[in-house]
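This is what each chain is made of:
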Amino acid sequence: MHKRVLRHWLAIGAAVSAMSLPMMAKAAEPQPYAFQTIPFGAGGFVDGFVYHPKQKDVLYARTDVGGMYRFDYASHRWIPLLDHLGHDDGDLMGVLAIAVDPGNANKVFAACGLYLPDWARKGAILRSDDQGKTWQKTDLPIHVGGNSDGRGSGERLAVDPHDGNVILYGSNQDGLWKSSDGGKTFAKTTSPAASLSLVAFDPAGNGTVYVGSAAGKGGLFVSADGGNTFKPVDGTPNQVPQRVAFAPDGTVYATFAASGNTYPVNPNNAVAGGLWKRDAEGGKWSNISPVRVEANQAFGYSGLDVGPDGTVITATLDRWYPGDEMYASKDKGAHWVAMSGASRHDASHWPWLVNYLKGEDKMGHWMADLKINPRNGAEMIYGTGYGLWLTENLNALGGKDAVMFDFAADNFEEGATIQLASPTGGATLLAALGDIGGGAWDDLTKSPDAGLFRPNTESNFSVDFGGLNPAFVARTTGNDATHGFYSEDSGASWMAFAASPYHAPAQGQPWRGPGTIAVSAKGTSLLWAPEKYAAYYSADKGKTWTASAGWPAGRDLTLVPVSDKAIDGVYYVLDRAGSSVLISVDGGQTFKPIVQGLPKLEGWQNAQLAVVPGRMRDLWLAAPYGLLHSPDANTAMKAVTSVDTAWLVGFGAPAKQGDYPAVYLWGKVKTQAKTEEGLWRSDDEGKSWTRINDDAHQFGGFQAITGDMLEYGTIYVAPHGRGVMVGKPKS
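Residues numbered from 1 in each chain as written. Predicted model: local features only at pLDDT ≥ 70, side-chain atom pairs only at ≥ 80, totals over all residues. Heavy atoms only, no water.

Observations concerning the overall build of the chain
A tally of helices and strands in the chain yields one helix and 57 strands. Relative to its length of 731 residues, the chain is compact, with a C-alpha radius of gyration of 27 Å against a globular reference of 27 Å. On the principal axes, the C-alpha backbone points of the chain span a range of 85 × 55 × 50 Å. Buried residues in the chain amount to 61% of all 731 residues. Counted over contacts in the chain with a minimum sequence separation of 6, partners at least 24 positions apart contribute 51%. Looking at the chain as shown, the accessible area adds up to about 27,600 Å², and 50% of this sits on carbon and sulfur atoms. Computing the positive centroid from 62 side-chain charges and the negative centroid from 74, the chain places the two 2 Å apart. (Helix = DSSP H or I, 4+ residues; strand = E, 2+ residues; numbered from the N terminus. Rg over C-alpha atoms; globule rule 2.2 N^0.38 Å. Buried < 20%, exposed > 50% of the residue type's maximum accessible area, 1.4 Å probe, protein only. Contact = heavy atoms within 4.5 Å. Areas by Shrake-Rupley, 256 points an atom, 1.4 Å probe, with all protein chains shown as cover. Lys, Arg positive; Asp, Glu negative; His and termini not counted. Charge placed at Lys NZ, Arg CZ, Asp CG, Glu CD.)

Looking at the confidence of the model for the chain
Considering every residue of the chain, the mean pLDDT works out to 93; 96% of them sit at 70 or more. Confidence drops under a pLDDT of 50 for residues 5-25, and excluding neighbours within four residues, the segment shows 53 contacts in the predicted structure. (pLDDT = per-residue confidence, 0-100.)

Looking at unusual backbone geometry
Following G154, the chain continues to E155 via a peptide bond in cis, the omega torsion being 0 degrees. Note that E155 resides in the loop between β10 (136-139) and β11 (157-159). Notably, Q131 is not glycine yet its phi reads approximately 60 degrees, a positive angle. Residue placement: Q131 occurs in the loop between β9 (124-128) and β10. Judged by its relative accessible area of 18%, Q131 falls in the buried class. Unusually for a residue other than glycine, S579 sits at a positive phi of about 50 degrees.

Looking at the sheet that holds strand β46 (residues 592-595)
On the basis of which strands lie adjacent, the open sheet formed by four strands has the order β43-β44-β45-β46 and antiparallel pairing. Edge positions in the sheet fall to β43 (561-563) and β46, since each has one partner strand and no second. Neighbour to neighbour, the strand axes of the sheet diverge by 35 degrees on average, direction disregarded. Bridge analysis of β43 against strand β44 (residues 571-575) gives three bridges, and the strand direction is antiparallel. Residue V562 lies in a different strand from β44, and its bridge partner there is Y572. (Pairing = 2+ DSSP bridges. Axes fitted to C-alpha atoms, helices over the stretch in contact; angles between N-to-C directions.)

Overview of the pairing of strand β7 (residues 95-101)
Counting buried positions along β7 yields seven of seven residues, so the element is predominantly enclosed. Two elements, β7 and strand β8 (residues 104-112), share six bridges in a ladder whose sense is antiparallel. Its bridge partner being in β8, A97 is matched across the sheet by A111. Taken together, β7 and the strand that follows it, β8, pair antiparallel across an intervening segment of two residues.

With respect to the side chain of T138
With respect to the secondary-structure elements, T138 resides in strand β10. A polar contact of 3.0 Å, which involves the side chain of T138, links it to the side chain of R127. Separated by 3.0 Å, the side chain of T138 and the backbone oxygen of K184 make a polar contact. If near-sequence neighbours (up to four positions away) are discounted, T138 is found in contact with A124, I125, R127, G183, K184, T185 and F186. (Polar contact = N/O pair within 3.5 Å; in protein donor to acceptor, adjacent residues only side chain to side chain.)

Some points on the nonpolar core
Considering soluble globular proteins, one finds that nonpolar side chains tend to be buried as a cluster. Core analysis: the largest hydrophobic core is formed by 42 residues, its most contacted members being I313, M326, W352, L353, M380, Y382 and W389. Mapped by element, the contributors of at least two residues to this core are β24 (312-317), β25 (326-329), α1 (351-357), β28 (370-372), β29 (380-384), β31 (403-406), β33 (429-433) and β56 (715-719). If near-sequence neighbours (up to four positions away) are discounted, I313 is found in contact with G303, L304, D305, M326, Y327, A328, M339, L370, I372, M380 and L394. V50, L85, M93 and I98 belong to the second largest nonpolar core, which has 18 residues in total. (Core = buried A, V, L, I, M, F, W, Y, C linked by side-chain atoms within 4.5 Å.)

A look at the sheet that holds strand β13 (residues 176-179)
The strand order across the open sheet formed by four strands is β11-β12-β13-β14, and the pairing between neighbours is antiparallel. At either end of the open sheet lies a strand with only one pairing partner, and these are β11 and β14 (187-188). The pairing of β11 with strand β12 (residues 167-170) spans three bridges and is classified as antiparallel. Paired with L157 across the bridge in β12 is Y169.

Some remarks on the pattern of salt bridges
Summed over all chains, the structure comprises 23 salt bridges. When the shortest N-O distance is used, the salt bridge between D47 and R62 registers 3.3 Å. Pair noted here: D47 is in strand β3 (residues 46-51) and R62 is in strand β4 (residues 59-63), with a separation of 15 residues, a long-range link. Accessibility assignment for this pair places D47 and R62 in one class, buried. The salt bridge partner of E711 is K728, with a shortest N-O separation of 3.0 Å. Here E711, found in the loop between β55 (702-707) and β56, pairs with K728, found in strand β57 (residues 725-729); they are 17 residues apart in sequence, far enough to count as distant. Take K728: its relative accessible area is 35%, and that puts it in the partly exposed class. Within the structure, one salt-bridge network assembled from shared partners comprises D47, R62, E155, R243, D369 and K371. (Salt bridge = Lys/Arg side-chain N within 4 Å of Asp/Glu carboxyl O.)

Overview of the side chain of S422
Looking at where S422 falls in the secondary structure, it is placed in the loop between β32 (417-421) and β33. Engagement of the side chain of S422 in a polar contact is seen with the backbone oxygen of T428, the distance being 2.9 Å.

Let's talk about the packing of aromatic side chains
Under the definition given, this model contains 31 aromatic pairs. Consider the rings of Y382 and F405, whose centres lie 5.3 Å apart with planes at 85 degrees: the pair is edge-to-face. Here F405 lies in strand β31 and Y382 lies in strand β29, a separation of 23 residues in the sequence. Across the pair, exposure class does not vary: Y382 and F405 are buried alike. Between W551 and F591, the aromatic rings sit 5.2 Å apart at their centres with planes inclined by 80 degrees, giving edge-to-face as the arrangement. Residue W551 is located in the loop between β42 (546-547) and β43, and its partner F591 is located in the loop between β45 (580-584) and β46; the two are separated by 40 residues in the primary sequence. Members of the aromatic cluster, joined through ring pairs, are F40, W352, Y356, Y386, W389, F407 and W441. Positioned above the aromatic ring of Y533, the side-chain terminus of R512 is 4.5 Å from the ring centre. (Phe/Tyr/Trp six-rings, centres within 6.5 Å; stacked < 30°, edge-to-face > 60°. Lys NZ or Arg CZ within 6 Å of the ring centre and 35° of its normal.)

Quick notes on the environment of F702
Position of F702 relative to the elements: it lies in strand β55. You can call F702 buried: its relative accessible area is 6%. C-alpha separation for the pair F702 and R722, spaced 20 residues apart in sequence, amounts to 9.3 Å. Apart from residues lying up to four places away in sequence, F702 is in contact with L648, W666, L679, V717, A718 and P719.

Right, here's the structure in full:
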């Protein structure tokens, strides 16, 4: 890998005197920043697609945690549509359903929310008149489970093809809701069940509406009067409907799946299911499943669509052996072709996916949805648990040539980034990602290959580097034998730890993860704190681990150690329960308090303790009650009173060599005019702040932020389910 040079200004700085902090931040003009996706090809669960039925080249995709996208056919890239969502609306990045108005190609709707318990934000319906460029929001009095079990079915949102003002929404647990004013307001209406899996208007515009029940064993219901009354659909199974598709000749198809437990089915929990067809003439339903669920098997069906030429394609769901499959029929289900044998998948542009697939060419898993372009039968797209595949030669099916699928993930980054770090040399950026490992970048324009965190079929929970020895990197992982690795060449190669302090919980105990690891400045020691457990230190690169003395008591809170990047062997930790900051000066062997009497964190409130790279014991604390700073051992931790709320803090290169590093903040700053939420940069140690994002680029919040310590003005951010991005001042 390319090695960045450690600049001399990162040497240990002299202690600075206490500063007098202003009551209000100076009114600095916002500085326009450009934010760009850093390519990884990050794959998450892509659970729904919607083509406009009449307008060419209008395609949307939804994700469970990373918002929704529209495909730009001209550039063959995806356009994220929900980046305007702020902190309080971050949960709306979970998209449960999408609908378009068949009579107006500019209108699109989305049912948004992450979770169903009472502690979660309640859901909302978003509506746009310009294909997602701008949005209006209707808050709902109920929860929406965009990242809850059952999210793979749908769509649960539908616009009446006869009247674009009428919209139906089938909720997770609160019945059917109706809008008669184009989505401005919604009210609960007649419903066949409290829990619904889909809502679909017959495109013929005859008032027929199909609704899927996810209550009990499930069932398919139909309304002949636009959704005022419903009755069960005779001849269909008592299972949960997953998808409904309408053929050009009036034939109706529906996939079903049954759960093997009390949890909703899709993408998991399927133990039975099938594909059923309603003949256009006689109206009789029949089971036309390509393969039936037999004894000693457990799977269902979900993905389903019908092309403009009548080609039917469907996919199994949750079939562990011999793996999920997609089937195609050109004669209404009389005969089927398994598409795995007729298709090829090109992952070559994405090193992580090449590694993830291990040389195999399979259709994928969690194929909850697939769609054929209604205006171009040669184009088809489908989602998996790790991303999406697109083909433009579906018409090759049945011929001598293979159907070629491309992993069309350009600017479609649904990676769940857990931790970021920009070393003071070596790699440009380190990122620990959920499910698919992460990587070390030296070229931010390419998906990393040499720096890929292998194996990448698991979550990485943390990554850190030595401030004075940035070539030494360590990370924690989910499934490996010792749950951690270290590198001495900036992430180009890795060695597994010989031992580990983390032990997975016994059966029946609550799950806890491997937690966070911190690397001392010179890489001579490591400090590892598994989630909700004690901390352990190692002075021999992970061969042995010993419990740290003085670590905060209690095992109900997850504590995050941070290392001083200027003095070797110095570590810090925020003791949430004790409202204090502890320090170790002996490589993690012992800890003692250095800051006490901090404001108390309530309930699940979180706070971040951070240390400025290159400066001895220069601590910042981002918390719901504000931003605190202690520049050295001789200065008490004081509030930066211009900051109302601080969610995350990070540091980057100073504007002028030798000056104090740039401080980056995600939070609320009090200016002369108002208290304003945003992403901020301070070039004068917090005396004044400049907002570097705008209301159109809030990204639903951030999981992590960090500046580049070698390049002034550059910030790296991990948006909500949107992978990793880099921001730089616009020229």
